[in-house]
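The residues making up each chain are set out below.
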Amino acid sequence: MLRPAKILMPLALASGLCFVVLASQAWLKPKAKAYATRKLASLLKQTDLRVQYEDISLMWDGFRVEGLACTSPQMRVHGAVEVAFRFWPGPGFGRPERVTLDHARVALLRSPETVRARSSSGKGSAPQVDAASLTLLQKLLKPGINLQFRKVRLEVLDARRERVMHINRLDATLSAVEQHVEMQLQGFHYRGREILQGLNGQLILQEKQGRLPFFVTAREQGSEPWQLQGAISADLDSLELRHKRMGIPSRWQPWLRSIEPKDRLELLLKLEVAGLKKGQNLDFDVQIASNNLEINHPLLSSDKVGPWPFTIRAQGDFNPERGSLSVRRGLIYVLQAAQKAQMKSSFTLAKNDLLKPMTEDPWRLNWKLAETDCQDILDILPRQDFPLLQGFQVKGQVELTANIELLPEKGRAIEFPSGQQTFACRITRVPENFTENWIRQRVQTMRGQDFVPITGISEDFLRGIIAAEDATFWQHEGVRTSALIAAFQANLKAGKVLFGGSTITMQMVKNFYLSHEKVLSRKLQELLISWALEQTLDKKDILEVYANIIQFGPNVYGIRRASQTYFGKEPSQLTTAEALFLSSILPSPNRHYRESYCEGRLSEELQERMQKVANGLATMQPGQPLLTLYQDSVRRLYFQGNGRCSSKLQISRRKEAGGSRF
């Protein structure tokens with residue numbers, strides 16, 4: 001059984017010790033304040049920090065400075081600091097062991113005035129370490145003092161002391177023994193917008209060529225983490241980072257909905273940034289590469305197109321205060337390893353304020369394709385998506401320039417400066433199904449007895465179809481560049497594919513080889529095949545094929561079937577008005593079939609169109625009584641067999657023109 005004395009004695013000693021401690025606080029506190037003041041002065045010696053504080057309180061292992069205010073030309077710190085000492089036997093007994101910045105607010109001022117000094121060090125040289133800025137850090141690390149940041153709010157201010165960026169919470173531990181920093185950030189904001197939900201990682205405090213390596217994981221709202229590694233300069237003014245990932249971050253997928261594969265896209269990123277502390281602008285050099293990018297957009301194709309192995313490099317600057325971004329030098333490399341082909345283009349890009357909507361502040365892009373081999377352009381295109389272009393061999397070079405403004409809600413503006421476009425390609429070999437004999441045999445097989453050679457077709461129809469559809473047919477080389485550019489600009493402004501600017505050659509190719517899908521992949525094949533056929537076929541051969549395959553109404557294909565359906569005649573027997581009727585119902589034959597043929601009279605719209613075609617022909621054939629013949633024959637125009645039409649007649653649109661698709 002324990003005696004009461006054995007219990008009361010320790011309690012009495014403990015109470016006495018507490019009394020002594022409490023009684024001596026009035027004496028210890030001034031001593032602690034004096035010691036803390038001397039220690040802070042020693043730590044801050046040889047720095048430009050000015051320090052004030054409100055009070056100092058004692059802790060069991062050190063002291064706490066309340067209401068601390070540290071200011072310098074580039075930094076302001078407000079909060080509390082705790083200094084803990086080593087109180088167990090061994091080396092460093094009685095020395096500070098840990099300094100903690102607690103619930104503080106740190107404001108960093110970017111100093112554009114020093115940009116000249118920074119840039120004068122020269123490109124390619126190792127970063128110059130600012131010894132003064134590291135004095136405090138070195139004084140803490142050298143004797144083995146650990147640093148802690150606990151619930152610190154970090155802000156970056158511009159020259160007007162306005163907040164540009166801020167971090168809601170920073171927690172970090174700097175280990176003097178292991179020479180590294182463990183850090184965790186929450187809520188990284190730029191001008192009021194959250195850019196990153198969080199970031200955590202490690203910074204190695206062992207310099208390698210003036211840089212400190214780091215490994216971090218960045219988190220976004222509703223997105224997979226980013227694993228980043230790189231290095232930051234010892235003066236914290238520049239950094240470089242590298243990133244490799246698989247898949248598109250889920251947060252970005254709504255903006256990149258046309259990019260595939262969503263979960264398997266291989267992406268490599270390398271970024272270098274300078275001017276974090278000292279420059280008015282952040283200078284950047286970024287490289288992005290992928291080898292399995294695919295594009296899935298209804299305007300491009302009904303299926304995804306690719307892969308498109310590419311590398312993009314952009315060098316420019318970003319002004320954090322204004323939010324302006326400028327790419328002074330950009331390069332795009334598109335590769336196809338199987339064909340050993342490469343297409344290199346350059347660009348500049350600018351936006352005045354990244355946070356403003358593009359309707360108010362559009363992206364401005366200047367793009368240039370330098371002299372590139374024509375064969376390389378063909379080989380760049382994925383074979384499975386452009387099957388008809390396989391087997392073509394070309395020589396020569398292409399050079400293109402475009403100025404583009406991206407305005408997604410008000411349309412797009414694109415300009416191709418005159419005198420800066422070069423297209424000097426020529427065909428050296430075509431596949432068999434693009435030769436004259438193969439095409440003629442195929443058309444004759446398709447049409448059978450309905451095939452009509454060009455000598456059996458009314459001259460008025462042939463001239464009328466040229467006047468109505470392609471007035472420069474005899475002069476161009478399959479493509480009218482000016483009309484195509486105008487149509488392209490109209491499509492961009494409309495925000496959808498309307499096309500237009502087609503020549504007779506292009507329409508022949510579309511009806512003979514391709515579908516009627518309004519997609520860019522089909523249009524590109526149409527352009528290139530039209531240009532190729534103009535170099536292998538005679539103009540009359542193209543006109544003959546076109547007249548025998550185009551649609552003139554519901555299930556009415558070819559000039560012979562059209563002549564017999566509408567007028568009960570052979571193509572060579574058409575009057576001037578009948579010939580101009582057939583040439584004028586294009587490119588909307590089904591509608592004119594319903595509105596004119598089935599009604600037994602010409603619609604007002606068609607009458608005006610036929611008159612314009614007749615006037616055009618009269619201008620092209622001065623001295624001939626074409627208008628008189630037209631006026632005389634149009635009064636006697638009679639449709640045969642239109643009683644077959646009914647009010648319930650459904651006009652179907654042909655999905656695969658020309659009978660077959662190759």
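Source: prediction; values computed, not measured.

Asks: I'm lost on the overall build of the protein chain in this one. Help?
Replies: The number of helices and strands found in the protein chain is 15 helices and 25 strands. Taken over 662 residues, the protein chain has a buried fraction of 44%. Put simply, the protein chain shows about 35,600 Å² of open surface, and 54% of that area lies on carbon and sulfur atoms.

Asks: Quick question: what am I supposed to make of the environment of Glu54 here?
Replies: On the secondary structure map, Glu54 appears in the loop between β1 (50-52) and β2 (55-59). Take Glu54: its relative accessible area is 67%, and that puts it in the exposed class. The spacing of Glu54 and Ala80 is 26 residues in sequence and 9.8 Å in space, taken between C-alpha atoms. The residues contacting Glu54, other than those within four sequence positions of it, are Glu66 and Gly67.

Asks: What am I meant to see in the nonpolar core here?
Replies: Here is a general trend for soluble globular proteins: nonpolar side chains tend to be buried in one another's company. Phe461, Tyr513, Leu533, Phe552, Tyr566, Phe581 and Leu582 are the most contacted members of the largest nonpolar core, which totals 77 residues. Ranked by the residues each element gives to this core, the list is headed by helix α10 (residues 539-549), at six residues. Core analysis: the second largest hydrophobic core is formed by 52 residues, Phe63, Val156, Val181 and Val286 among them.

Asks: Help me understand unusual backbone geometry, please; the structure alone is not making it clear to me.
Replies: With the exception of glycine, most residues fall at negative phi, and the peptide bonds are largely trans. Cis geometry marks the peptide bond from Glu260 to Pro261; its omega dihedral reads -10 degrees. By secondary structure assignment, the location of Pro261 is in the loop between β13 (259-260) and β14 (266-274). Backbone geometry at Lys151 places phi at a positive 55 degrees, although glycine is not the residue there. Along the chain, Lys151 falls in strand β6 (residues 146-157). Here the phi dihedral of Arg191 falls at roughly 50 degrees; this positive angle occurs in a residue that is not glycine. The topology assignment puts Arg191 in the loop between β8 (180-190) and β9 (193-204).

Asks: Looking at this structure, I do not really get the side chain of Thr576. What am I missing?
Replies: Examined against the element boundaries, Thr576 turns out to sit in helix α12 (residues 576-584). Thr576 sits in the buried class, given a relative accessible area of 10%. A polar contact is formed between the side chain of Thr576 and the side chain of Asp460, at a distance of 2.9 Å. Beyond its immediate chain neighbours, meaning those up to four positions away, Thr576 contacts Asp460, Leu629, Tyr630 and Ser633.

Asks: Please clarify how a nonpolar patch on the surface should be interpreted in this entry.
Replies: On the surface, a cluster of nonpolar side chains totalling about 340 Å² of accessible area is made up of Trp252, Trp255 and Leu256. Among the secondary structure elements, Leu256 is positioned in the loop between β12 (238-246) and β13.

Asks: Please explain the packing of helix α6 (residues 459-469) against α10 as it appears in this structure.
Replies: To describe two helices that pack against each other, one gives the angle between their axes and the distance between the axes. Two elements in contact, α6 and α10, have axes separated by 12 Å at closest approach and are oriented at 90 degrees. As far as their axial angle goes, α10 and α6 are roughly perpendicular. Here α6 contributes Phe461, Leu462, Ile465, Ile466 and Glu469 to the contact with α10, which in turn contributes Leu543, Tyr546 and Ala547.

Asks: Sorry, what's going on with the packing of aromatic side chains here?
Replies: Aromatic ring pairs are described here by two measures, namely the spacing of the ring centres and the angle between the planes. Under the counting rule described, the total for this entry stands at 17 aromatic pairs. Geometrically, the ring pair formed by Phe581 and Phe639 is tilted, given 5.1 Å between the ring centres and 55 degrees between the ring planes. Of the two residues, Phe581 sits in helix α12 while Phe639 sits in the segment after α15 (626-635), which places them 58 residues apart along the sequence. Note on Phe581: relative accessible area 0%, which makes it buried.

Asks: Quick question: what am I supposed to make of the state of the cysteines here?
Replies: Simply put, disulfide is the name for a covalent bond between the sulfur atoms of two cysteines. Scanning the entire structure with this criterion turns up one disulfide. Shown here is the disulfide that connects Cys374 with Cys425, its sulfur atoms set 1.7 Å apart. Because the torsion about its S-S bond is -80 degrees, the bridge between Cys374 and Cys425 counts as left-handed. Pair noted here: Cys374 is in helix α4 (residues 374-380) and Cys425 is in strand β23 (residues 422-429), with a separation of 51 residues, a long-range link. A relative accessible area of 5% means that Cys374 is categorised as buried.

Asks: Looking at this structure, I do not really get the pairing of β6. What am I missing?
Replies: Where a strand is regular, its side chains alternate between the two sheet faces. As defined by bridge partners, strand β5 (residues 96-109) adjoins β6 across ten bridges and the pair is classed as parallel. In the sheet register, Val99 faces β6, and the bridge partner there is Leu147. Sheet analysis places β6 next to strand β7 (residues 163-175), joined by eight bridges and oriented antiparallel. Among the inter-strand pairings, Phe149 is bridged to a residue of β7, identified as Ala172. Between the antiparallel neighbours β6 and β7 lie five residues, among them Arg161 with a positive phi of about 65 degrees.

Rules and cut-offs
- Residues numbered from 1 in each chain as written.
- Predicted model: local features only at pLDDT ≥ 70, side-chain atom pairs only at ≥ 80, totals over all residues.
- Heavy atoms only, no water.
- Helix = DSSP H or I, 4+ residues; strand = E, 2+ residues; numbered from the N terminus.
- Buried < 20%, exposed > 50% of the residue type's maximum accessible area, 1.4 Å probe, protein only.
- Areas by Shrake-Rupley, 256 points an atom, 1.4 Å probe, with all protein chains shown as cover.
- Contact = heavy atoms within 4.5 Å.
- Core = buried A, V, L, I, M, F, W, Y, C linked by side-chain atoms within 4.5 Å.
- Polar contact = N/O pair within 3.5 Å; in protein donor to acceptor, adjacent residues only side chain to side chain.
- Patch = residues over 30% accessible without salt bridge, like charges linked within 9 Å, V, L, I, M, F, W, Y side chains within 5 Å.
- Salt bridge = Lys/Arg side-chain N within 4 Å of Asp/Glu carboxyl O.
- Axes fitted to C-alpha atoms, helices over the stretch in contact; angles between N-to-C directions.
- Parallel < 35°, antiparallel > 145°, perpendicular 65-115°, else oblique.
- Phe/Tyr/Trp six-rings, centres within 6.5 Å; stacked < 30°, edge-to-face > 60°.
- Disulfide = S-S within 2.5 Å.
- Pairing = 2+ DSSP bridges.

As far as function goes, none of this settles anything; it's purely spatial.
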